[in-house]
Amino acid sequence: MGTLSTTDQDQGDTFTYSLVTGIGDTDNTAFVIVNDQLQLATSLDFETKSSYSIRVQAVDAGGLSIEKILTIHVSNVNEAPTGIQLSNATINEHSPNGTLIGTFTTIDPDQGDTYIYQLLDDAGGRFSIQANRLIVTNSALLDFEQNRVYSIIVRTQDAGGSGFTYDQAFSITVNNVIESDLTVQIKAIPTTANFGEPFDVTWIVRNTGTDPTTNLWSDRLYLSTDSTLSQDDTILLTQSASQTPLAPNGEYSQTATVTLPLNDSSIAGRYYILAQTDTFNSQPETNETNNLDEQAIYFDLAPYADLQVSQVTAPQLTVGNPAEVTIGWQVANVGKGAGTVTSWVDRVFVSGNAIAGDGDDILIGDFIHTGLLDVGQFYNQNQTVLLPPRFQGNYHLFVQTDATGLVFENGLKANNQAFAPNFFDVVPVPYADLAAKVWTLGAISHNGKLARNQSYEGEQIFNLNSAATGQYVIVETGGAWEGIYQENSSQAIATNVTASPADLRVTNITVPNSTNFSGETTTIQWTVENQGSPIWSGTRYWTDLVYLLPDPRLTVQNYNPGDQTLGGVKALGSFSHPAANSYTQTQQITLPAGIDGKQYIYINNR
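What counts and how
Residues numbered from 1 in each chain as written. Predicted model: local features only at pLDDT ≥ 70, side-chain atom pairs only at ≥ 80, totals over all residues. Heavy atoms only, no water. Helix = DSSP H or I, 4+ residues; strand = E, 2+ residues; numbered from the N terminus. Buried < 20%, exposed > 50% of the residue type's maximum accessible area, 1.4 Å probe, protein only. Contact = heavy atoms within 4.5 Å. Areas by Shrake-Rupley, 256 points an atom, 1.4 Å probe, with all protein chains shown as cover. Lys, Arg positive; Asp, Glu negative; His and termini not counted. Charge placed at Lys NZ, Arg CZ, Asp CG, Glu CD. Pairing = 2+ DSSP bridges. Axes fitted to C-alpha atoms, helices over the stretch in contact; angles between N-to-C directions. Core = buried A, V, L, I, M, F, W, Y, C linked by side-chain atoms within 4.5 Å. Patch = residues over 30% accessible without salt bridge, like charges linked within 9 Å, V, L, I, M, F, W, Y side chains within 5 Å. Salt bridge = Lys/Arg side-chain N within 4 Å of Asp/Glu carboxyl O. Phe/Tyr/Trp six-rings, centres within 6.5 Å; stacked < 30°, edge-to-face > 60°.

A. Up close: the overall build of the protein chain. Each helix and strand in the protein chain was counted, giving zero helices and 40 strands. Counting only C-alpha atoms and orienting by the principal axes, one finds that the protein chain spans roughly 190 × 75 × 55 Å. The buried share of the protein chain, taken over its 606 residues, is 36%. In the protein chain, the share of contacts with a sequence separation of at least 24, taken over all contacts with a separation of at least 6, comes to 69%. Looking at the protein chain as shown, the accessible area adds up to about 34600 Å², and 48% of this sits on carbon and sulfur atoms. Here the protein chain contributes 24 positively and 62 negatively charged side chains, and the mean placements of these two sets differ by 14 Å.

B. Summary view of the pairing of strand β26 (residues 343-351). With seven of nine residues buried, β26 is to be regarded as a mostly interior element. Pairing geometry for β26 and strand β27 (residues 362-370), over eight bridges, is antiparallel. Counterpart to Ser-343 in the pairing with β27 is Thr-370. In this structure, β26 lies alongside strand β29 (residues 393-400), joined through five bridges in antiparallel fashion. Its bridge partner lying in β29, Arg-347 is registered against Gln-400.

C. View of the sheet that holds strand β35 (residues 521-530). Within the open sheet, the three strands sit side by side as β34-β35-β39. Their pairing is antiparallel. For this open sheet the edge positions go to β34 (504-510) and β39 (582-590), each flanked by a neighbour on one side alone. Pairwise comparison of adjacent strand axes, ignoring direction, gives a mean angle of 25 degrees for this sheet. Across nine bridges, β35 lies against β39 in antiparallel orientation. Within the sheet, the bridge partner assigned to Trp-526 lies in β39 and is Gln-585.

D. Highlighting the sheet that holds strand β3 (residues 31-34). Read across the sheet, three strands follow the order β1-β4-β3 without closing on themselves; strand pairing throughout is antiparallel. Of all the strands in the sheet, the pair left with one neighbour each is β1 (2-3) and β3.

E. Quick look at unusual backbone geometry. A cis amide bond links Thr-244 to the next residue, Pro-245, at an omega of -5 degrees. Topologically, Pro-245 is positioned in the loop between β19 (234-240) and β20 (251-259). Cis rather than trans, the peptide bond between Asn-321 and Pro-322 has omega equal to 0 degrees. By the secondary structure assignment, Pro-322 is in the loop between β24 (317-319) and β25 (324-333). Notably, His-94 is not glycine yet its phi reads approximately 55 degrees, a positive angle. Following the sequence through the fold, His-94 ends up in the loop between β8 (90-92) and β9 (100-107).

F. Structural view of the nonpolar core. Grouped together as the largest cluster of nonpolar side chains are 30 residues, with contacts concentrated most on Phe-199, Val-201, Trp-203, Leu-221, Ile-273 and Phe-299. Per-element tally for this core: the top contributor is strand β17 (residues 198-207), with four residues. Setting aside residues no more than four positions away along its own chain, Phe-199 makes contact with Pro-190, Ala-193, Ala-256, Thr-257, Val-258, Leu-260, Ile-273, Ile-297 and Phe-299. Leu-307, Leu-373, Phe-391 and Ala-418 belong to the second largest nonpolar core, which has 28 residues in total.

G. Examining a nonpolar patch on the surface more closely. Judged by side-chain polarity, Ile-444, Phe-462 and Leu-464 come together as a nonpolar surface patch covering roughly 270 Å² of accessible area. Look at Leu-464 and you get partly exposed, because its relative accessible area is 36%.

H. Highlighting the pairing of strand β4 (residues 37-40). Strand direction decides the pairing type here: β1 and β4, joined by two bridges, are antiparallel. Its bridge partner being in β4, Gly-2 is matched across the sheet by Leu-38. Taking the residues that link successive antiparallel strands as the turn, the β3-β4 hairpin has two residues, and the phi of Asn-35 there is positive, at about 60 degrees.

I. Layout of the packing of aromatic side chains. Tallying each qualifying case throughout the model produces 18 aromatic pairs. For the pair Phe-31 and Tyr-52, a centre-to-centre distance of 6.0 Å together with 85 degrees between the ring planes defines the contact as edge-to-face. Taken together, the residues span a long stretch of sequence, with Phe-31 in strand β3 and Tyr-52 in strand β5 (residues 51-60) at a distance of 21 residues. In this pair, the class of Phe-31 matches that of Tyr-52, namely buried.

J. Examining the environment of Tyr-166 more closely. Tracing the chain through its elements places Tyr-166 in strand β14 (residues 165-175). Looking at Tyr-166, the relative accessible area reads 28%, which means it is partly exposed. When the C-alpha positions of Tyr-166 and Trp-344 are compared, they lie 89 Å apart, and in sequence the two are 178 residues distant. When near neighbours in sequence (up to four residues on either side) are disregarded, Tyr-166 contacts Pro-81, Thr-82, Gly-83, Ile-84, Val-154, Arg-155 and Thr-156.

The values reported here are purely geometric and, on their own, carry no functional implication.
The following block contains the structure:
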């Protein structure tokens, strides 16, 4: 390492050197002294220890000595790597190209060095290195059944260049993978089907892999508005695979009968049936993207019923406590088919204000009908009901068919309800109802004072209302203060007035011959003639009320402008007209939305 020398006042003296104990002798054992040469007793490593301390003694020829502590500094030099580590050495067979197997780390005495890795043996092109990453290069060659272990040789080189390398061999183990691959194909499905009617779907599941399946799995059918499976698709059925295990190239076929519910959410149009195998990913597969197939199908609405209530009958007055009443009605199917529901409820209830469903309704009874009703068919109900004790009042009686909404009618619910044309009155005991009808003819003023025992005469011509009737004319005076003499202020005289009313009749109604569409405007024209007595001169105008009826047997009674659907009767409008013995009206009228089929115009004068 170096030559020792001593400074001495004696010229030409000689010295003997040795390592001695004392302060600073920490690393004496790492060195030896031969004559005046300091030499290494062991190898020095900069990365382990960068400086060493020794204690040296020099003795001259006269026996005098000196001791000194010396510090030896170690210079750092580049050293070659001494090993390579791989973080993982196993890979599944046929893993996709680019799959990471593991990462390399170099063992090197030098800290902080950088390295380049190279495959000297890539196992026949199966593997490659990117930076320090060992990856799959040829997936097809990684076959467990052909070879389970492959050897590679890796070289690492540090920044010092080609002289600073290290080579190491590794064994890469290939894991066995179940190489089954399930596919599904819809084999048979109708091009069109109806909501509410059954249809068959047949699908085939194949194992296109090289291994038999090992687990159980399920197939599933969906209804979708497009060809892509999504969370808003409707599950039609889930069914276990019919054959397991399934050998390579094996297949099975399944057929299921499916019925889509017919309800108010059913909308005719183009849909897709999606068939999915291994729905819950129970079976390991080499390809999970081919487990779905789709076929387009057009769904229409099955012929549906349209139930219509009419001919509601109920007694106008019933006396009893509790009272027994008999109520009758008719339900007809005016729709396009019998539908699928075979039983529904006819509900009878009363209302105090002629508006059904506003909170004051009282249930009289629910009556179950059983059996399909073909188009054009009807049934009549007559039910005798014992009302609750102390039931009384003045009511309107309603009947509603399919009260619980079980029958699909494609939104045509307006005619499910009708009411009796008369009031439905119930009293606990018989009663009297006395009333006198008085027609006021007019008032005549008298000016001036009237002395005691004086009198005056009056005469007046009155134009009687054509509906006025009666047996007496009563003249009543008043206005002056008469004290206790009030009872003799009127006098009656016998007469006889017979009503002579006009008779307004709608003699003609004209509607367009072409098809009318719900929700659009149409033109309606009608003629009114007076076929009775002359119209009273005091009549200024009247109103023509226009209705739409699904059945010409219906009549409109007690019309309330706030109620737009009186048991299937729809109010289209009211049109005032000055009094006249004959006239023709033409009006543009918007038809209600959602109506369908044959309808009738009904016009009433008020």
